[in-house]
Amino acid sequence: MSFDLVFFGGTGDLTWRKLMPALFQAFRHGKLPGGGRILAVARDDQSDEKYRAWLKERFQEVDGSKRPNDEEFQRFAELVHYTRMDLSQPEHYGRLKTWLEERVGGQADTVVFYLATSPHLFTQICQQLGAAGLNHDKVRVVLEKPLGQDLASAQEINKVVRSVFREDQAYRIDHYLGKPSVQNLMALRFGNALFEPLWRRESIANIQITLAESLGVGTRGPFYDQTGCLRDMVQNHALQLLTMIAMEPPSTHDADAIRDEKLKVLRSLKPFTAESVARDVVRGQYRAGNVEGRAVPAYLDEGKVPEGSQTETFVALRTEVQNWRWAGVPFYIRTGKRLPGRDAQIVVNFRPVPHPIFPGANQANRLIIKLQPEDGLELQLLASKGSSSGEALTPVSLDLDFDKAFPTNRVGAYERLLLDAIAGRLNLFVRSDEQEQAWRWVEPILEAWAEDTTGPRHYNAGSWGPAAASALVARDGHAWAEEV
Ligand code: BG6
């Protein structure tokens, strides 16, 4: 199957940091279909050769084992081309069309336009592609997050996208869905009979989703300050994980069967009011501190962050999924920058046995779904050491490391998603109604914060966020996993 993959934003960070390295991995693993061409589009005037040389240099910054050697890069680079475009100029899309059509062996079976630009350009690019007739059946368009700043702007983008492309031509990326660990979550729930009978309010006390990063905002200050943690991580990545945990079993593995179920979860989330935002949502911003043994500056001292900014770099919240399966079970989400480490996991805390016969604290089982840095599953059971009768039980773990279980050819998130977009598999992409519903749910939080000028609570870089995040969980008689 031949393909043409066009990256708008071809010299941008996302392209060289994530997309090109992911494509190279696919190429190295022999997964990239033959007969492919990759076209980077940007404003600079340069030749294919110059772009390839630039890309080769950028690849030096890629993680060691993922870096191509000279011979590999040479072979990969033969697929890579460059063209200059002014995205507002219709004739430049005409030139692009000619490039796509003038191909040895005729037009490719699939043409993927990847919009790795600032989202304010999305509508313009889609309209121009449509006007140039570049929205035909073979075309797919991939839209990077963030899609909009709020519900209205997301709806506006979706309206334009829909006026040019069919919904099944639009691939909205949430790269968390491409992580192998997240696919394993589907496998755990719907490929194994073991957990499903317990996956409900009768057996589960609470669920905690933590997406912690040790990094700060780095050079992304101007973007991040306009965005904040709620829009950057909660509206998309965290909510997508929550839907995967809470959804009903889909009737098939088809994209729409899965996305219908995810949408139902989003629609069942308890809506926020100004009062519940004040009670159930904590926002924080990091001060200077120590992370992984290194002194780091405060958010306000990061490059290009406006003085006195009230942008949040941390969010913790409590919500519920209001349906029969989950009524009353707290779902806690916590995510932030400059936390103690890069650590993403979902903790499912089961209820204790109804009638304890062993002495000691009333402990319970716990399932930890590890997303990163390791990709694994840990099931905590209670066991007897057998040293004396009447002893308290001790927690022990069944620990599964997927990187060890499947040591070869594990596919990274962007690699998986790029290959899926080329192959036309929509399962791991977000549908417009899901995305809009997620915005609808976070909007009351944004509105309440806009009214409340006290701003975020401060936390030391390297800590687990403001103390209020612990209090939020303690109020229900629970604790974050690391506090137990
Ligand atoms: C991106 C956010 O979507 O996800 C970043 O914009 C964040 O701020 C990143 O750092 C986290 O992704 P990962 O895969 O490194 O956990």
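Anything mentioned here points back to the structure above.
Residues numbered from 1 in each chain as written. Predicted model: local features only at pLDDT ≥ 70, side-chain atom pairs only at ≥ 80, totals over all residues. Heavy atoms only, no water.

*Asks:* Got a minute to help me understand the overall build of the protein chain in this structure?
*Replies:* Check the secondary structure of the protein chain and you find 14 helices and 17 strands. The C-alpha atoms of the protein chain give 24 Å as radius of gyration, which agrees with the globular expectation for 484 residues (23 Å, within 12%). The burial tally for the protein chain puts 54% of its 484 residues in the buried class. In the protein chain, 78% of the contacts between residues at least 6 apart in sequence involve partners at least 24 apart. As displayed, the protein chain offers around 21,100 Å² of accessible surface, 51% of which is attributable to carbon and sulfur atoms. Across the protein chain, the centroid of the 58 positively charged side chains sits 1 Å from that of the 63 negatively charged ones. (Helix = DSSP H or I, 4+ residues; strand = E, 2+ residues; numbered from the N terminus. Rg over C-alpha atoms; globule rule 2.2 N^0.38 Å. Buried < 20%, exposed > 50% of the residue type's maximum accessible area, 1.4 Å probe, protein only. Contact = heavy atoms within 4.5 Å. Areas by Shrake-Rupley, 256 points an atom, 1.4 Å probe, with all protein chains shown as cover. Lys, Arg positive; Asp, Glu negative; His and termini not counted. Charge placed at Lys NZ, Arg CZ, Asp CG, Glu CD.)

*Asks:* Explain the site of the ligand here, please?
*Replies:* Surrounding the ligand, one finds Lys145, His175, Tyr176, Lys179, Glu213, Arg220, Asp232, Met233, His237, Lys337, Arg342 and Gln372. Measuring from an oxygen atom of the ligand, one finds a side-chain N or O atom of His237 at 2.7 Å. Separating an oxygen atom of the ligand from a side-chain N or O atom of Lys337 is a distance of 2.8 Å. With the chains in place, 84% of the 400 Å² that the ligand exposes on its own is no longer accessible. The element contributing the most residues to the shell around the ligand is helix α8 (residues 221-246), with 3 residues. Within the shell around the ligand, the residues separate by chemical class into 2 nonpolar, 3 polar and 7 charged. (Near = heavy atom within 4 Å. Polar contact = N/O pair within 3.5 Å; in protein donor to acceptor, adjacent residues only side chain to side chain. Nonpolar A, V, L, I, M, F, W, Y, C, P; charged D, E, K, R; others polar.)

*Asks:* What's the story with the nonpolar core in this structure? I'm lost.
*Replies:* Across soluble globular proteins, nonpolar side chains have a tendency to be buried as a group. Ranked by size, the top nonpolar core spans 119 residues in total, and within it Met20, Tyr114, Leu367 and Ile369 carry the most contacts. Sorting elements by how many residues they give to this core places α8 first, with 12 residues. Dropping the residues within four chain positions of it, Tyr114 is found in contact with Leu5, Val6, Phe7, Phe8, Leu14, Leu19, Val142, Glu144, Ile173, Tyr414 and Leu418. Among the nonpolar cores identified, the runner-up in size contains 28 residues, and Leu96, Phe122, Leu129 and Val141 belong to it. (Core = buried A, V, L, I, M, F, W, Y, C linked by side-chain atoms within 4.5 Å.)

*Asks:* Any chance you could explain the environment of Gly455 here in plain terms?
*Replies:* For Gly455, the location among the structural elements is in the loop between α13 (432-451) and β17 (457-460). Put simply, Gly455 and Gly284 are 171 residues apart on the chain and 8.3 Å apart in space, counted from C-alpha to C-alpha.

*Asks:* Even after reading the chapter, I still don't get the pairing of strand β7 (residues 204-212), so can you show me in this structure?
*Replies:* Regular strands show a simple pattern: their side chains alternate between the two faces of the sheet. Among the 9 residues in β7, 9 count as buried, and that is most of the element. Sheet topology places β7 next to strand β13 (residues 343-350); 8 bridges connect them, and they run antiparallel. Within β13, the residue paired with Ile209 across the bridge is Ile346. In the sheet, β7 pairs with strand β12 (residues 331-336) via 6 bridges, with the strands oriented parallel. The partner of Leu211 across the bridge, within β12, is Thr335. (Pairing = 2+ DSSP bridges.)

*Asks:* Is there a simple way to explain the side chain of Thr117 in this structure?
*Replies:* Following the sequence through the fold, Thr117 ends up in the loop between β4 (110-115) and α5 (122-131). Setting aside residues no more than four positions away along its own chain, Thr117 makes contact with Phe8, Gly9, Phe122 and Ile125.

*Asks:* How should the packing of helix α4 (residues 90-101) against α5 be read in this particular structure?
*Replies:* How two helices sit against one another is set out by the angle between their axes and by the gap between those axes. Contact pair α4 / α5: the axes reach a minimum separation of 9 Å and the direction vectors enclose 60 degrees. As judged from the angle between their axes, α4 and α5 are oblique. Between α4 and α5 lies a crossing of right-handed hand. Between α4, through Pro90, Tyr93 and Leu96, and α5, the contact on the second element is made entirely by Ile125, Gln128 and Leu129. Residue composition of the contact of α4 with α5, grouped by class: 5 nonpolar, 1 polar and no charged. (Axes fitted to C-alpha atoms, helices over the stretch in contact; angles between N-to-C directions. Parallel < 35°, antiparallel > 145°, perpendicular 65-115°, else oblique. Left-handed = near helix turned anticlockwise from the far one by under 90°.)

*Asks:* Explain the packing of aromatic side chains here, please?
*Replies:* Two measures describe an aromatic ring pair: the distance that separates the ring centres and the angle between the ring planes. All chains considered together, the criterion is met by 20 aromatic pairs. Arranged with centres 6.4 Å apart and planes meeting at 40 degrees, the rings of Phe24 and Phe27 form a pair that is tilted. With a gap of 3 residues between them, Phe24 and Phe27 both fall in helix α1 (residues 13-28), about one helical turn apart. Judged by centre distance (6.4 Å) and plane angle (70 degrees), the rings of Tyr286 and Tyr459 are edge-to-face. Within this pair, whereas Tyr286 is found in strand β8 (residues 281-287), its partner Tyr459 is found in strand β17, the two being separated by 173 residues in sequence. For the residue pair Tyr286 and Tyr459, the accessibility class agrees, reading buried in each case. (Phe/Tyr/Trp six-rings, centres within 6.5 Å; stacked < 30°, edge-to-face > 60°.)

*Asks:* Help me understand the environment of Gly284 in this model?
*Replies:* Relative to the assigned elements, Gly284 resides in strand β8. Spatially, the C-alpha atom of Gly284 lies 17 Å from that of Trp480, the residues being 196 residues apart in sequence. Sequence-distant contacts of Gly284, defined by excluding residues within four places in its chain, comprise Glu312, Thr313, Phe314, Pro456, Arg457, Tyr459 and Pro466.

*Asks:* What's the story with the sheet that holds strand β6 (residues 170-172) in this structure? I'm lost.
*Replies:* Pairing between sheet strands relies on hydrogen bonds along the backbone, with the strands arranged either parallel or antiparallel. Read across the sheet, 6 strands follow the order β3-β2-β1-β4-β5-β6 without closing on themselves; strand pairing throughout is parallel. Only two strands of the sheet have a single neighbouring strand rather than two, namely β3 (80-84) and β6. Mean inter-strand twist for the sheet, computed between neighbouring axes without regard to direction, equals 20 degrees. Inspection of the sheet shows strand β1 (residues 3-8) paired to β4 by 6 bridges, in the parallel sense. Residue pairing across strands places Val6 opposite Phe113, the latter belonging to β4. Helix-sheet contacts for helix α2 (residues 48-59) involve β2 (36-42) and β3, and the interaxial angle to β3 is about 115 degrees.

*Asks:* Whenever I open this one, the pairing of β1 confuses me. Can you help?
*Replies:* Counted residue by residue, β1 has 6 buried out of 6 residues, so it is predominantly covered. Neither face of β1 is left uncovered, since the one carrying Phe3, Leu5 and Phe7 and the one carrying Asp4, Val6 and Phe8 both have all their residues buried. What joins β1 to β2 is α1, and the crossover it makes is right-handed. (Right-handed = clockwise from strand over helix to strand, strands pointing away.)

*Asks:* Just to check I follow, could you spell out the side chain of Asp420 for this structure?
*Replies:* Among the secondary structure elements, Asp420 is positioned in helix α12 (residues 413-423). Taking the relative accessible area as the measure of exposure, Asp420 reaches 4% and is therefore buried. Once you skip the residues sitting within four places of it in the chain, Asp420 turns out to touch Tyr171, Arg425, Leu428 and Phe429.

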